[in-house]
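Notes for the structure review
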Amino acid sequence: MLTIATVATSAPMGASVYEERVTERAAGALGDGWAVRRSVFRSMSSPLPGNRRLPFGAVTRASPAIRRQFGRLLYPGGTVTHRMNLELPPASHGDVITLHDVVAWRFPDESTPVAAAAEEARRADAVICVSEFSANEAVEFLGVRDPYVVHNGIDEAFFDAAPLGEADRAALGLPDRYVLHAGGASSRKNLPALAEAWPLVHRNRPELTLVLSGPPHPTRTALFEGLPGTRLLGRVADALVPGLVAGAAAVVVPSLYEGFGLPVLEAMAANVPVVAARTSSLPEIAGDAAVLVEPTGAGVAEGLLAVTGDASAVAALVAAGRARASGFTWDASARAHARVWRSLS
């Protein structure tokens, strides 16, 4: 049996997409002879959907030994358990974790890591990382041995997506031509460099608007509210995101640190050129199908001017991006996960 353990959330982000896509394919990837059970944990008083409750405050503060005791109570014996959230305590047998990145340890404005998580990662029976970069970080920063690298996939809705229709564009207040940045606003997202770059771009491309989507964040607001040629969308409904991406003249990912960089591939799948920082996992994921730049205002501006200029060069870049994106599927990701799960049975 495989138990997939996740935590209910009211604000799903990229990791939540990973959890859902892998979970819904797990049984098919494993094949006959395996049962798959989903355990969705929530706090003792949470109204969120789930099927298990857990006193998260006590569990996350507990020592490694106490957390192991919790794990013995929570998960059935003799099964493989894949914990997709490090807040959850470890299983006593067949303990698998996903490590998207080590930002909790590297960046003080990210969520504080569970105190026992690093030790538990070293003790886990298998650690799955979403990129070679993240795997190297797990080894060098946390001391994990022999992690597996399993890339994420891309939702089918992004492949050759159509731009949003007139009604949805009007509801969002979208301009005719825009550059899109989608995601968070923590320090590793490097929004100050984008704010520095944009006046240089807008001076040369006054018809372009910089559109920023993502949960409201004071840093994003302080940097971009009132900056000429910008539009803050806030969080956009999931169903509208592929069309929002597809309608962009370019997608920009200026991050200092990404464990994977899903927005890069989503844009490529939607036939949109990408400007990404030459940092962390982004060169690995983008390959030669994006314009890679230094993570500075000048570097980002240069890249955006390049992909919004020569139409023939941009067409070649878009074609390369679409071809590269086709190699990242959730079916392939699930099959690679299944190989790890079977190895522990």
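Predicted model, so just to flag it, every value in this text is computed and none were measured.

Reading guide: rules and limits
- Residues numbered from 1 in each chain as written.
- Predicted model: local features only at pLDDT ≥ 70, side-chain atom pairs only at ≥ 80, totals over all residues.
- Heavy atoms only, no water.
- Pairing = 2+ DSSP bridges.
- Helix = DSSP H or I, 4+ residues; strand = E, 2+ residues; numbered from the N terminus.
- 1 Å grid on protein atoms, 1.4 Å probe; cavity = no way out; pocket = protein on both sides within 12 Å on 5 of 7 lines; lining within 4 Å.
- Points joined across faces, edges and corners; volume = space filled by probe spheres on them.
- Nonpolar A, V, L, I, M, F, W, Y, C, P; charged D, E, K, R; others polar.
- Domains from an automatic or database assignment.
- Contact = heavy atoms within 4.5 Å.
- Buried area = accessible area lost by both parts, 1.4 Å probe.
- Polar contact = N/O pair within 3.5 Å; in protein donor to acceptor, adjacent residues only side chain to side chain.
- Axes fitted to C-alpha atoms, helices over the stretch in contact; angles between N-to-C directions.
- Parallel < 35°, antiparallel > 145°, perpendicular 65-115°, else oblique.
- Left-handed = near helix turned anticlockwise from the far one by under 90°.
- Expected span 1.5 Å × (residues − 1).
- Buried < 20%, exposed > 50% of the residue type's maximum accessible area, 1.4 Å probe, protein only.
- Arc of directions from axis to C-beta.
- Core = buried A, V, L, I, M, F, W, Y, C linked by side-chain atoms within 4.5 Å.
- Bend = angle between axes of the 7 residues up to and from the residue.
- Salt bridge = Lys/Arg side-chain N within 4 Å of Asp/Glu carboxyl O.

All right, on to the pairing of strand E2 (residues 36-42) then. Where strand E1 (residues 2-7) and E2 come together, 6 bridges link them in parallel fashion. Its bridge partner lying in E2, Val7 is registered against Phe41.

Time to look at the layout of surface pockets. Quantified by volume, the second largest pocket comes out at close to 160 Å³. If you go around the second largest pocket, the residues you meet are Arg68, Arg72, Pro90, Ala91, Ser92, Asp95, Glu120, Arg123, Ala124 and Asp125. Counting residues per element, the ones that place at least two in the lining of the second largest pocket are helix H3 (64-74) and helix H5 (117-123). For the lining of the second largest pocket, a count of residues per class yields 3 nonpolar, 1 polar and 6 charged.

On domain assignment, one finds that the protein holds domain 1 (2-153 + 330-343) and domain 2 (156-327). Using C-alpha coordinates to define each centre, domain 1 is positioned 30 Å away from domain 2. If you look at the interface, domain 1 gives 20 residues, while domain 2 gives 14 residues. When domain 1 packs against domain 2, the two sides together hide about 1400 Å² of surface, and 60% of this comes from carbon and sulfur. If you sort the residues of domain 1 by the area they bury against domain 2, Met13, Phe107 and Phe133 come out on top, with a joint share of 32%. Summed over the shared surface of domain 1 and domain 2, the number is 10 residue pairs in polar contact (both at pLDDT 80 or more).

The next thing to look at is the packing of helix H1 (residues 14-30) against helix H15 (residues 330-343). Put simply, H1 and H15 touch, their axes get as near as 8 Å, and they point 65° apart. With respect to each other, H1 and H15 are oriented roughly perpendicular. Classified by chirality, the crossing of H15 by H1 is right-handed. Residues Val17, Tyr18, Arg21, Val22, Arg25, Ala26, Ala29 and Leu30 of H1 pack against Trp330, Asp331, Ser333, Ala334, Arg335, His337, Ala338, Trp341 and Arg342 of H15. Here the contact of H1 with H15 is built from residues that sort into 10 nonpolar, 2 polar and 5 charged.

With that out of the way, let us pick up helix H14 (residues 311-325). Each α-helix turn comprises 3.6 residues. Residues three or four places apart therefore point the same way. Taking 1.5 Å per residue as the helical rise, H14 with its 15 residues ought to reach 21 Å, and the 21 Å between its terminal C-alpha atoms agrees with that figure. Regarding H14, the residues found buried are Val314, Leu317, Val318, Gly321 and Ala325. Relative to the axis of H14, the buried residues are bounded by an arc of 105° and lie together on one face. Opposite the buried face of H14, at more than 90 degrees from it, the exposed residues are Ser312 and Ala323. The inward-facing, buried residues of H14 abut helix H11 (262-269), strand E12 (274-277), strand E13 (291-293) and helix H13 (297-307).

Membership of the largest hydrophobic core comes to 39 residues, with the highest contact counts inside it found for Ile154, Leu174, Leu180, Leu244, Val251, Val264 and Met268. Only strand E8 (178-182), helix H10 (241-246), strand E11 (250-253), H11, E12 and helix H12 (282-286) provide two or more residues apiece to this core. Those residues in contact with Ile154, other than ones at most four positions away along the chain, are Phe159, Leu265, Glu266, Ala269, Ala325, Phe328, Thr329 and Trp330. Counting residues in each nonpolar core, the second largest holds 22 residues, with Leu194, Leu212, Phe224 and Leu304 among its members.

The 6 strands are arranged E10-E9-E8-E11-E12-E13 in an open sheet whose pairing can be described as parallel. Two strands lie at the open edges of the sheet, namely strand E10 (230-234) and E13, each paired on one side alone. The average angle at which neighbouring strand axes cross in this sheet is 20°, direction not considered. Bridge count for E12 against E13 is 3 bridges, and the pairing is parallel. Directly across from Ala277, in E13, lies its bridge partner Val293.

Before going further, it helps to examine helix H8 (residues 191-204). Between its terminal C-alpha atoms H8 stretches 20 Å, which fits the 20 Å expected from 14 residues at 1.5 Å a residue. Along its length, H8 shows its largest kink, about 30°, at Ala197, and proline Pro199 lies within four residues downstream of that point. Residues of H8 that are buried include every one of Leu191, Ala193, Leu194, Ala195, Ala197, Trp198, Val201 and His202, and no others. Elements that come into contact with the buried residues of H8 comprise E8, strand E9 (209-213), helix H9 (218-224), E10, E11 and H13.

A separate point is the sheet that holds strand E6 (residues 126-129). In space, the 7 strands of this open sheet follow the order E3-E2-E1-E4-E5-E6-E7, with parallel pairing throughout. Only two strands of the sheet have a single neighbouring strand rather than two, namely strand E3 (52-53) and strand E7 (148-149). As defined by bridge partners, E6 adjoins E7 across 2 bridges and the pair is classed as parallel. Following the sheet pairing, Ile128 is matched in E7 by Tyr148.

Scanning the model with the defined rule gives 16 salt bridges in all. The salt bridge involving Asp95 is made with Arg83; its shortest N-O contact spans 2.9 Å. With a gap of 12 residues between them, Asp95 in strand E5 (residues 95-99) and Arg83 in strand E4 (residues 80-83) connect regions that are remote in the sequence. For the pair shown, Asp95 and Arg83 are each scored as buried. Put simply, Arg83 and Glu120 hold a salt bridge, and the shortest N to O gap is 3.7 Å.

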